[in-house]
Amino acid sequence: MGGMDSQKEEGSCCTQSADVLRAIEDDFWRWRMRDAPEFASSVGDCNHSDILESFTPSVFQARKVQVQSYLDKLQGVDKSQLTQTQILDLDIFTDHLQTYKEGAVFDMYQSMNPVNFLESVNADPGRLQVIAPFSCFNDFVSYLERLRLLPTQIDEKIALMKQAVALGNTLNKVSVVSVPAQIHRLVSVNNQQSPFFVPAFTTRLQALPLPESHREELRAKAEDAVVSIKKALVRLATFLEQDYLPATRPTCGVHGWREGKRLYEQCLRYHTSTNMTPHQVHDLGLQEISRIEANMKAVLQRLGFEGTIRQFCDSLRGHPNYRKKTPEDLLATFTDYIFNVIYPKLPLLFKDIPNLPLRVVAMPYDGPLGEYLGGTPDGKTPGTFYANVTHPEKSPTINIMALVLHETVPGHHLQSIYSMSANLPPYRAFVEDSNYHRMPATFPINTAYLEGWALYSEYLGEEMGVYTDDYMLMGRYSEELFRACRLVVDTGLHYFEWERERAIQFLMNNTGESRDSIAPEVDRYLTWPGQATAYKIGEIKLKELRQKATDALGDRFDIRDFHSVILQNGGMSLSLLERLVDTWIASHLYNVSSSGEGECSSPSQGEGECSTPSQ
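The rules we used
Residues numbered from 1 in each chain as written. Predicted model: local features only at pLDDT ≥ 70, side-chain atom pairs only at ≥ 80, totals over all residues. Heavy atoms only, no water. Helix = DSSP H or I, 4+ residues; strand = E, 2+ residues; numbered from the N terminus. Buried < 20%, exposed > 50% of the residue type's maximum accessible area, 1.4 Å probe, protein only. Areas by Shrake-Rupley, 256 points an atom, 1.4 Å probe, with all protein chains shown as cover. Lys, Arg positive; Asp, Glu negative; His and termini not counted. Charge placed at Lys NZ, Arg CZ, Asp CG, Glu CD. 1 Å grid on protein atoms, 1.4 Å probe; cavity = no way out; pocket = protein on both sides within 12 Å on 5 of 7 lines; lining within 4 Å. Points joined across faces, edges and corners; volume = space filled by probe spheres on them. Nonpolar A, V, L, I, M, F, W, Y, C, P; charged D, E, K, R; others polar. Expected span 1.5 Å × (residues − 1). Contact = heavy atoms within 4.5 Å. Phe/Tyr/Trp six-rings, centres within 6.5 Å; stacked < 30°, edge-to-face > 60°. Core = buried A, V, L, I, M, F, W, Y, C linked by side-chain atoms within 4.5 Å. Pairing = 2+ DSSP bridges. Axes fitted to C-alpha atoms, helices over the stretch in contact; angles between N-to-C directions. Parallel < 35°, antiparallel > 145°, perpendicular 65-115°, else oblique. Left-handed = near helix turned anticlockwise from the far one by under 90°. Salt bridge = Lys/Arg side-chain N within 4 Å of Asp/Glu carboxyl O.

A word on the overall build of the chain. Counting its regular elements, the chain contains 23 helices and three strands. Its C-alpha atoms give the chain principal-axis dimensions of roughly 75 × 70 × 55 Å. Buried residues in the chain amount to 55% of all 615 residues. Put simply, the chain shows about 25,600 Å² of open surface, and 50% of that area lies on carbon and sulfur atoms. When the 59 basic and 78 acidic side-chain charges of the chain are each reduced to a single mean position, those positions are 4 Å apart.

Written as structure tokens, this is what we have:
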């Protein structure tokens, strides 16, 4: 009798502790949605779709206070009364908050510079439309309210950057010098052809069953809002040209700031979720370059090509066999590789694949070769791969397979839909993959997990057999080589005091890329310190964990189960990911030992069937 009472009391305590944890997490998420309304819209929460995020130092301080309050509340959660799964959740949540707290020490550096050539409204003017559903009249009204608030947000960013000038914490010139030209292109477009107006108030509004008089009223208000936005953008361009650009940081890397090297070390911790030093990251890059070059030389030998890797890449540059003639042909190639080549092979390596949609569309502006934007859990907003088809004559087709593996399946899209479908707390299921200028003074996006998986996915293409010839394989290796070079260049620029030209020359000497493609890459590293190092470090850790599981389980190792463990638990630091895999290995060994059978249990059930989503 006493034993039963004891069990009941223990179960009650366990439930109570878990409920407290979940209540804190839920309250945190509600606060996050209010604090970051654009992020809220992107994950399908429309409760704050008529407001925009505030960019003021007072908000920075309020966030620090709020984060500390959640950390204090977590002290009241009795860890001894939680299950192993709940303990992992508690540790991930604590790490989530602690990462913000540690990074916020540096919130007067990167965070004070919210405008650069890679982000903000000048670089992606259509983002507010992309994250809006536009399924009913109120959606248009909410979007219109955001357009009306956008000039205020732009002015807040100007005020922040004025403080950056006063503090001496500005970016290097290359990060902002092209922004005035971006703005000029935006403001020179006719109001009704503006990316703030089109297609929301043209084709989308026309599809809504409304009296034409209501449509005209909305269009008139939208055009007024566009006029105000243009005036604010002109204010921004004038400020940049007259005040900010003359005061930009004289050194290339952040080492030139007063606490620049300490900041960079924190950026590495933020993006890699490790304690690797800049020296260790730099040396790892050099080692990886040597290893990958050996693989590439073996391919060249098979092809009978007697020149260097750069000479091989130069020989393909502009070659008609490895270029498409029209944007339509290039877009069709992206689509064919994803839906007809890769999707049918996924069940070889994955099981219980969520059936959430993916679409492939042409990128509305000239940017990277491709990028992915996640959808919503209800499937109403599909995951979207934006393919850059602006210059088909400059886009080498040998790189396309590696790119789509990275950005779609089994890369970012598969990663996204697994976490959204796994019934995780929302802070684990969704990633605010924006506002890179704030890092490390922001919540973690677990870059090494996120980008490490995507780079690992490029490797998985070999196991799926989708690289159908050595030319495509060289395309894959060239992408991997560039990621290895990033470890050297990023640390070189921000810690070892390299100049921009030295970084460009290093990439020219060690990759097959042209100077025209290398220069903006280097400018990206200068703008987002540490981010580029996470890809290789995360991929290497995933391969290490896979090898550890293979060695421990032997014939009982199932790659599909391993991938389920990695993907169904969402993003986390690499140390917590290793602990998760170790626990999974131990549970399999225990189950086999206790049952006396040669079978090992799987974390999920399913036959591994995969239905290709609609395009």
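From this point on, the discussion continues.
Under the definition given, this model contains five cavities of 30 Å³ or more. Taken as a whole, the largest cavity holds about 220 Å³ of empty space. His96, Tyr427, Phe443, Pro444 and Ile445 are the residues nearest the centre of the largest cavity, which is lined by 24 residues in total. Elements supplying a minimum of two residues to the lining of the largest cavity: α1 (2-35), α4 (84-103) and α16 (426-429). The leading source of residues in the lining of the largest cavity is α4, at three residues. Taken together, the residues of the lining of the largest cavity break down into 13 nonpolar, seven polar and four charged. By volume, the second largest cavity is sized at about 110 Å³. Together, 15 residues line the second largest cavity, and Arg63, Tyr100, Arg438, Ala441 and Thr442 are the ones closest to its centre. Taken together, the elements giving at least two residues each to the lining of the second largest cavity come down to α1 and α3 (57-74). If you tally residues by element for the lining of the second largest cavity, the top one is α3, at three residues. Tallied by class, the residues present in the lining of the second largest cavity amount to five nonpolar, two polar and eight charged.

The next point concerns helix α20 (residues 515-527). Think of an α-helix as 3.6 residues a turn; residues three or four steps apart then line up on the same face. Over its 13 residues, α20 runs 18 Å from end to end, which matches the ideal 18 Å to within 8%, given 1.5 Å per residue. Residues of α20 that are buried include every one of Ile518, Ala519, Glu521, Val522, Asp523, Arg524, Tyr525, Leu526 and Thr527, and no others. Against α18 (470-494), α19 (500-510) and α21 (534-553) lie the buried residues of α20.

Moving on: the packing of aromatic side chains. The tally for this structure, following the rule as stated, stands at 33 aromatic pairs. Measuring from centroid to centroid gives 4.9 Å for phenylalanine 93 and tyrosine 427, while their planes differ by 45 degrees, and the two rings are tilted. With phenylalanine 93 in helix α4 and tyrosine 427 in helix α16, the pair connects residues that are 334 residues apart, well separated along the chain. Judged by its relative accessible area of 5%, tyrosine 427 falls in the buried class.

Taken as a whole, the second largest pocket encloses approximately 470 Å³ of empty space. Going through the elements one at a time, α4, α22 (559-567) and α23 (574-595) are the ones with two or more residues in the lining of the second largest pocket. No other element matches α23, which puts five residues into the lining of the second largest pocket. Across the lining of the second largest pocket, the residue classes break down as seven nonpolar, seven polar and one charged.

Quick look at the nonpolar core now. Counting 134 residues, the largest nonpolar core has Phe334, Phe350 and Phe562 as its most contacted members. Element by element, the count of residues in this core is highest for α18, at twelve residues. Residues Tyr143, Leu147, Ile158 and Leu171 belong to the second largest nonpolar core, which totals 41 residues.

With mixed pairing, three strands are arranged side by side in an open sheet as β1-β3-β2. Because the sheet does not close on itself, it has two edges, and the strands there are β1 (358-362) and β2 (370-373). Across the sheet, the mean angle separating the axes of adjacent strands is 20 degrees when strand polarity is ignored. Pairing of β2 with strand β3 (residues 383-387) involves four bridges; the strand directions are antiparallel.

Glancing now at the packing of helix α13 (residues 327-342) against helix α14 (residues 400-407). Running from amino to carboxyl end, α13 crosses α14 at an angle of 60 degrees, the nearest separation of the two axes being 10 Å. Relative to α14, α13 is oriented oblique. The two elements α13 and α14 meet at a crossing, and its hand is right-handed. In this structure, α13 uses Leu330, Thr333, Phe334, Tyr337, Ile338, Val341 and Ile342 to contact α14, whose residues at the interface are Ile400, Met401, Leu403, Val404 and Leu405. Each residue belonging to the contact of α13 with α14 can be placed in one class, and the counts come to eleven nonpolar, one polar and no charged.

Packing of α19 against α20 brings their axes to within 9 Å, and their N-to-C directions diverge by 130 degrees. Relative to α20, α19 is oriented oblique. Here the hand of the crossing between α19 and α20 comes out right-handed. Between α19, through Arg500, Glu501, Ala503, Ile504, Gln505, Leu507 and Met508, and α20, the contact on the second element is made entirely by Arg515, Ile518, Ala519, Val522, Asp523, Tyr525 and Leu526.

On to the pattern of salt bridges, then. All chains considered together, the criterion is met by 41 salt bridges. Through salt bridges with shared partners, a single ionic network connects Glu288, Arg291, Glu462, Arg476, Glu480, Lys536, Glu539 and Lys543.

Following the sequence through the fold, lysine 157 ends up in helix α6 (residues 137-167). Put simply, lysine 157 is tucked away with no salt bridge, and the nearest opposite charge, on glutamate 38, sits 6.9 Å away. Lysine 157 has contacts with Phe55, Pro114, Val115 and Ser120, leaving out every residue within four places of it along the chain.

These figures capture arrangement, not role.
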